[in-house]
Amino acid sequence: MILLAFILQTLRIAVPYLLAAAGGVMSERVGIIALGLEGLMLSGAFGAALGSYYGNSPWAGLLGALVAGGLITSLLAVSTIRFRANQVVVGVAINLIVAASTRYFLRLVFDSSSNSPRVPGFGGEGIGNAMFASFLNPVVWIGLAALPALGWVLYRTPFGLRVRAVGEKPEAAATLGVAVNPMRLKGLYIAGALASLGGAYLALDQHQFTDGMTAGRGFIALAAVIFGRWEPVRVGVACLLFAGAETLQIQLQGAQLVPSQFVEMIPYVLTIVALAGVVGRSVAPAALGKTD
Amino acid sequence: MSTTALKSTRVWEAVLPAVVALGLAAVLGDLLILSFGESPAAVWTLLVKGTWGNAYGIGQVLYKATTLTCTGLAFAMAGRAGLFNVGAEGQLAAGGFGAAVMGLLLPSALPAVLAIPLCVVSAMMVGAAVGALPGALRAKFGASEVIVTIMLNFIVLALLNWIVSAKLHLPETLRTPDIAAGNVPRLADTFAMFRGSAANFTLLFAVAAAVAGWWYLFRTRSGYELRAVGLQPEAAEYGGVKVPRVLFVSMAISGALAGLGGVNFVLGYKGYYEEGFAGGAGFLGIAVALVGRNHPFGILAAALLFATLSQGGLAVNAVVPKQLTDILTAAVILSVATAVPEVQQQIRAAAASVTASLARKSTQGVGA
């Protein structure tokens, strides 16, 4: 029973990571550095709260998340693809712009500096066992399916072949008649949609938007992308690993075996180790960060 | 093209994106203010009055500009070597912590002439160590410094959080005890009009760092090598520059500069290290360096601009949310980053067509 509780909690914690990391893989596979995941998630969370509040339904919340994420993705796409702006700077700017504007609109729309009012989420209140209730949430299933599906798309479909070509060798892809920038645009919008659903999950699960509620999850997802070497299945395993460590941390809080700060560090330390190539080097898509 | 024409082209390339960005930010700001049902003119007036309109406001702007100058220089120093140091946030915090630990260890009887330099050196050394690690991983293994510095931010902040909360905090707080030695005097101690503001003489360290950074980059051999690596690493290597060494050194210097910024809060303002004091100033350094075009003197000016926006947010907070200016700051970063390649392309195309038409005229002259 304890093991089952552990697995269920790990899966719940992993859902936003899985969604954002799937977006991260998609974005980096078309050659755009996924530094803006945190901002995309946060915009999705805010959009979800807004949509769910005004539409009085979690489905409207999902729609709101996709619209908000789409807006931010458009900013990202115009600056990096059309204007070839530096992707690192744009990523940082996107995160800042979303952090600031969600606070601004929180005050404008809900007249609060910390959180939105309670919004409808995906049911489950009537069910006795809260642990299973969250699995009535369709976003959980989308999250669990996202990376395996992405793996299938990348390696088994013509679209995926083009995505990989654009991210590895855009000149070659262009020579073979693949329109490079439109492919990047498609990839980026898919990435934005996935990441904003990750944020929507957080807001709908907690039935409200709170200021800065993504709390670095976008960066943990980015860490998972790199630690998983840009391979969807490996990335999924990395997400589950990071989520498992967090769950362990939560469940052992009373025991105080390891200070919580050290558990927080795990994803980041592992990523640096993977990049330094101590055990099997992480190598990025060849054209990552080069849009000119 | 004549050298003066080339020079004016360069100036335009540097200034135009910032002008475009500020124009866009002003329009966006107007819209946001209107969305709150307030008058843009009144809010802008309030912003200017609350920053440059009185000595307290000016002092606060100078205080914020001090930290931003340091983190901006940090980003620029790595940027000139072709590297992205996204880790100034962690280096800034680590530097502040280094200053505080030295200040706690030194005897309180130690005169300020000795204590302050020791604390400043400690801040810069700790910052340099945090910057040097991604530099080393990049130089030795080719690990992306972008990712390593981002990840290191989280690691450093968590580590400092643990040290302070587990070993070094005053009860019921997330701060260290007051430092015994090394306090940097406030500007108000000398100029009474700045009373109440946090501005302090760390300001002089930041200006000195900008001048030293300029001297290093443009007047020394090592700085020349650093810029050569940034412009064209293969060519620099062919010219005999040890590229990995330059990458390592530039990241260490970059970290040291960010670490210096920690002095401003710890030694100059509070007299102790406090959890979360960096508060995004490390990331804003990217904005400062970008608008300052990675030039130390440009950075001084850009730091004043972003410090004004940051303080201005507080000045207008009663009327519109202070996040207004945070949004504008981010909008400036985004539009400068977006405008730079476009402006370069346009100006170069225009310059090329002018040169071409001049060349045509001169050949016609010869013909006639």
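Residues numbered from 1 in each chain as written. Chains lettered and ligands numbered in written order. Predicted model: local features only at pLDDT ≥ 70, side-chain atom pairs only at ≥ 80, totals over all residues.

## Focus on the overall build of chain A
Inclusion rule: Secondary structure is summarised from DSSP: a helix means a run of H or I of at least four residues, a strand means a run of E of at least two, and numbering begins at the N terminus for each. In this setup the radius of gyration rests on C-alpha atoms only. A globule is expected at 2.2 Å times the number of residues raised to 0.38. Remark: C-beta atoms are placed from the backbone, and a residue is labelled buried if 20 or more other C-beta atoms sit within 10 Å of its own, exposed if 12 or fewer do, or partly exposed between those counts. A pair of residues counts as a contact when their C-beta atoms, built from backbone coordinates, are separated by no more than 7 Å.
Helix and strand content of chain A: twelve helices and zero strands. Written out in order from the N terminus, the α and β elements of chain A read α-α-α-α-α-α-α-α-α-α-α-α. Computed over C-alpha atoms, the radius of gyration of chain A comes to 19 Å, within 12% of the 19 Å expected from 2.2 N^0.38 for 292 residues, which places it in the range of a compact globule. On the principal axes, the C-alpha backbone points of chain A span a range of 60 × 45 × 30 Å. Counting over 292 residues, chain A shows a buried share of 54%. Put simply, 76% of the contacts in chain A that link residues at least 6 apart link residues at least 24 apart.

## Let's talk about the interface of chain B and chain A
For an interface, size is often stated in terms of accessible area lost upon the parts coming together. So the rule is basically this: Just so you know the grouping, Ala, Val, Leu, Ile, Met, Phe, Trp, Tyr, Cys and Pro go in nonpolar, Asp, Glu, Lys and Arg go in charged, and all remaining residues, Gly too, go in polar.
Taken together, the contact pairs 38 residues of chain B with 35 residues of chain A. Listed by contribution, the elements that provide at least two residues to the side of chain B that touches chain A are helix 1 (3–35), helix 5 (112–141), helix 6 (145–168), helix 12 (281–291) and helix 14 (323–367) of chain B. With 13 residues, the top contributor of residues to the side of chain B that touches chain A is helix 14 of chain B. Its residues placed into classes, the side of chain B that touches chain A shows 30 nonpolar, six polar and two charged.

## Some points on the nonpolar core
Put simply, the rule is: Nonpolar core, as used here: buried Ala, Val, Leu, Ile, Met, Phe, Trp, Tyr and Cys residues forming one set through C-beta atoms within 7 Å. Domain borders in the structure are assigned automatically or taken from a domain database.
Among the nonpolar cores identified, the biggest contains 227 residues, and Tyr17, Ala21, Ala45, Ala93 and Ala224 of chain A together with Ile333 of chain B are the most heavily contacted of them. Looking at which element gives the most residues to this core, the answer is helix 11 (residues 243–270) of chain B, with 16 residues. Residues lining this core come from more than one domain, with at least three contributed by each of domain 1 (1–38 + 322–363) and domain 2 (43–319) of chain B. Ignoring any residue separated from it by four or fewer positions in sequence, one finds alanine 45 of chain A in contact with Gly199, Ala200, Leu202, Ala203, Phe209, Met213 and Thr214 of chain A.

## Focus on the domain arrangement of chain B
All names here are of chain B. Assigned domains within chain B: domain 1 (1–38 + 322–363) and domain 2 (43–319). Once you take the C-alpha centre of each, domain 1 and domain 2 turn out to be 27 Å apart. Between domain 1 and domain 2, the residue contacts involve 14 residues of the former and 16 residues of the latter. Put simply, the parts of the chain that give the side of domain 1 that touches domain 2 at least two residues each are helix 1 and helix 14.

## Considerations on the confidence of the model for chain B
Heads up, the condition is: Per-residue confidence from the predictor is given as pLDDT, running between 0 and 100.
In this model, chain B carries a mean pLDDT of 91, and residues with pLDDT of at least 70 account for 96%. If you check the scores for this complex, the pTM reads 0.91 and the ipTM reads 0.90.

## Overview of the environment of phenylalanine 6 of chain A
Residue and element names in this part refer to chain A. Residue placement: phenylalanine 6 occurs in helix 1 (residues 2–29). For phenylalanine 6, a count of 15 C-beta atoms within 10 Å translates into the label partly exposed. Not counting residues within four places of it along the chain, the set of residues in contact with phenylalanine 6 comprises Thr247 and Gln251.

## Digging into the packing of helix 2 (residues 37–55) of chain A against helix 4 (residues 87–110) of chain A
All names here are of chain A. To keep things clear, this is the line we draw: Here, axes are lines fitted to C-alpha atoms. For helices the fit covers the stretch in contact, and angles between N-to-C directions go from 0 to 180 degrees. Should an angle lie under 35 degrees it is considered roughly parallel, over 145 roughly antiparallel, and from 65 to 115 roughly perpendicular; all remaining angles are considered oblique. Here a crossing is taken to be left-handed if its near helix is turned anticlockwise relative to the far helix by less than a right angle, and right-handed if that turn runs clockwise.
Where helix 2 contacts helix 4, the two axes come as close as 8 Å, and the packing angle between them is 20°. Relative to helix 4, helix 2 is oriented roughly parallel. In terms of crossing hand, the pair formed by helix 2 and helix 4 is left-handed. Contact residues: Glu38, Gly39, Leu42, Ser43, Phe46 and Leu50 in helix 2; Ile94, Asn95, Ile97, Val98, Ala99, Thr102 and Val109 in helix 4. Class assignment of the residues belonging to the contact of helix 2 with helix 4 gives a composition of eight nonpolar, four polar and one charged.

## Examining the environment of arginine 221 of chain B
Residues and elements named next belong to chain B. By secondary structure assignment, the location of arginine 221 is in helix 9 (residues 221–231). Taking the C-beta count within 10 Å as the criterion, arginine 221 has 7 such neighbours and is therefore assigned exposed. A C-alpha to C-alpha distance of 22 Å links arginine 221 and phenylalanine 84, two positions 137 residues apart in sequence.

## Let's talk about helix 3 (residues 55–80) of chain B
Residue and element names in this part refer to chain B. In plain terms, the rule: What a helix should span is 1.5 Å times the count of its residues minus one.
In this model helix 3 runs 36 Å from its N-terminal to its C-terminal C-alpha over 26 residues, within 8% of the 38 Å that 1.5 Å per residue would give. Counting buried positions over the 26 residues of helix 3 gives 23, a clear majority of the element. Directly after helix 3, the chain includes glycine 82, whose backbone phi takes a positive value near 80°.

## Looking at the environment of phenylalanine 75 of chain B
Residues and elements named next belong to chain B. Counting through the fold element by element, phenylalanine 75 comes out in helix 3. Each C-alpha atom of the pair phenylalanine 75 and glycine 285 lies 6.4 Å from the other, and the pair is 210 residues apart in sequence. Apart from residues no more than four positions distant in its own chain, phenylalanine 75 is found in contact with Asn85, Ala88, Gly285, Ile286 and Ala289.

## What about the confidence of the model for chain A?
With 93% of its residues at a pLDDT of 70 or more, chain A has an overall mean of 90. The element-level mean pLDDT for chain A is lowest in helix 5 (residues 130–133) of chain A, coming to 63, with helix 2 of chain A highest at 97.

## Thoughts on unusual backbone geometry
Residues and elements named next belong to chain A. Even without being glycine, asparagine 56 reaches a positive phi, approximately 55°. One non-glycine residue, arginine 84, lies in positive phi territory at about 50°. Residue position: arginine 84 is located in the loop between helix 3 (58–82) and helix 4.

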